[in-house]
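Close look at the chain arrangement
One letter stands for each residue in the lines below.
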Amino acid sequence: MIWRAEAIWEAVAPLLPGFTVEVLPLLDSTNTELMRRARKGLGDPVLLVAEQQNAGRGRLGRDWLSSAGDSLTFSLGLPLAPADWSGLSLAVGASVAEALHPDIVLKWPNDLWLGDRKLGGILIETASFGDGAAGARYAVIGIGLNIAPRPPGGLSTPPAALRELLPQADGPAVLERIAGPLVRDVQRFERDGFAAFRHRFEQRDALRGRAVQLSDGTAGTAQGVDAGGSLLVHTAAGLQAISSSEVSVRPAAR
Ligand code: BTN
């Protein structure tokens, strides 16, 4: 695969001094690698792409499976000091979806969906800097996108792939489309918080108005998100704001 790392660097470096782009053929996980580097004190802004991951990670300790050429797996690592971190994954989702296609919707808190099928996921982790200077942490924003359709495997719902919407899509072209807007939006989030993204998320909220089931057993109807990006669910016990990253939500069958 041919990655135009220089074009990405040219678009992003003016926004992020010290920024580099790195493409590796194989890694355990781009998130794991950037967290390892951060723990060693390496806190420069970087976009790290792995053509293949053999220990990709998803939310809630799940695996993220992908194969070379059929998916795009990368992480953006950078120092970040927002006043409030809540809603960052929603802002990232909105940025990526908008950069790619109007039909991509967002499933709270960090999935990209096509219809009711998963197209991609976002895994955000942070590491503290030694001195905790001015509240800044090193943020690792990992994104995995299915580019080419693959067999459903053991998943109950077969995943979606970007080529269903963009037949010519490949990893390098998709990354080139996403990278600049993503960095700009993450910097906007740092400045203005989730307030700047609430409307953008709502435009693509896949759950709004739908019956949902929480992993703790609660059932209800999704009613959008609040100002901090918590999911609002109307339940028998009243309106609940779900912020816990430990809770998973799925829509009831239509
Ligand atoms: C999820 O859906 O639970 C999140 C999936 C995130 C996958 C990406 S692929 C690049 C980065 N490296 C990882 O190990 N995970 C993220």
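My aim in this report is to walk through the structure given alongside it, one point at a time. As the structure is a prediction and not an experimental result, all values here were calculated from the model. (Residues numbered from 1 in each chain as written. Predicted model: local features only at pLDDT ≥ 70, side-chain atom pairs only at ≥ 80, totals over all residues. Heavy atoms only, no water.)

Below, the discussion takes up the overall build of the chain. Along the backbone of the chain there are five helices and twelve strands. A compact globule built from 254 residues would reach a C-alpha radius of gyration of about 18 Å, and the chain, at 18 Å, matches this within 12%. With respect to the principal axes defined by its C-alpha atoms, the chain has extents near 50 × 45 × 30 Å. Burial analysis of the chain (254 residues in total) assigns 52% to the buried set. (Helix = DSSP H or I, 4+ residues; strand = E, 2+ residues; numbered from the N terminus. Rg over C-alpha atoms; globule rule 2.2 N^0.38 Å. Buried < 20%, exposed > 50% of the residue type's maximum accessible area, 1.4 Å probe, protein only.)

Spatially, the seven strands line up as an open sheet ordered E1-E2-E3-E7-E6-E5-E4, and their pairing is mixed. Taken across any chain shown, the strands that pair with only one partner, and hence form the sheet edges, are strand E1 (20-24) and strand E4 (105-107). Sheet twist, expressed as the mean angle between neighbouring strand axes with direction ignored, is 20°. Bridge analysis of strand E3 (residues 71-80) against strand E7 (residues 137-146) gives ten bridges, and the strand direction is antiparallel. Note on E7: the bridge partner recorded for Thr73 is Gly144. Those strands touched by helix H3 (residues 88-100) are E3, E4, strand E5 (111-114), strand E6 (117-128) and E7, and its axis lies near 135° from that of E6. (Pairing = 2+ DSSP bridges. Axes fitted to C-alpha atoms, helices over the stretch in contact; angles between N-to-C directions. Contact = heavy atoms within 4.5 Å.)

Between the first and last C-alpha of helix H4 (residues 171-192) there are 30 Å, a value that for 22 residues agrees with the 32 Å anticipated at 1.5 Å per step. Taken as a whole, H4 carries its principal kink of about 30° at Ile178; the proline Pro181 stands between one and four residues after it. A distance of 3.0 Å separates the backbone nitrogen of Ala173 from a side-chain oxygen at the start of H4, and that oxygen is part of Asp170. Downstream of H4 by a residue or two, Gly193 has a phi angle that is positive, lying close to 70°. (Expected span 1.5 Å × (residues − 1). Bend = angle between axes of the 7 residues up to and from the residue. Polar contact = N/O pair within 3.5 Å; in protein donor to acceptor, adjacent residues only side chain to side chain.)

Glancing now at unusual backbone geometry. Cis geometry marks the peptide bond from Trp108 to Pro109; its omega dihedral reads -5°. Along the chain, Pro109 falls in the loop between E4 and E5. Although it is not a glycine, Leu60 adopts a positive phi angle of roughly 55°. With respect to the element layout, Leu60 can be found in the loop between strand E2 (46-50) and E3.

How two helices pack is summed up by the angle between their axes together with the distance between the axes. Contact pair helix H1 (residues 5-12) / H4: the axes reach a minimum separation of 9 Å and the direction vectors enclose 20°. In terms of orientation, H1 lies roughly parallel with respect to H4. Our pair here, H1 against H4, has a crossing hand that is right-handed. Contacts from Ala7, Ile8 and Val12 of H1 reach H4 at Leu175, Glu176, Ala179, Gly180 and Val183. Grouping the amino acids of the contact of H1 with H4 by side-chain chemistry returns six nonpolar, one polar and one charged. (Parallel < 35°, antiparallel > 145°, perpendicular 65-115°, else oblique. Left-handed = near helix turned anticlockwise from the far one by under 90°. Nonpolar A, V, L, I, M, F, W, Y, C, P; charged D, E, K, R; others polar.)

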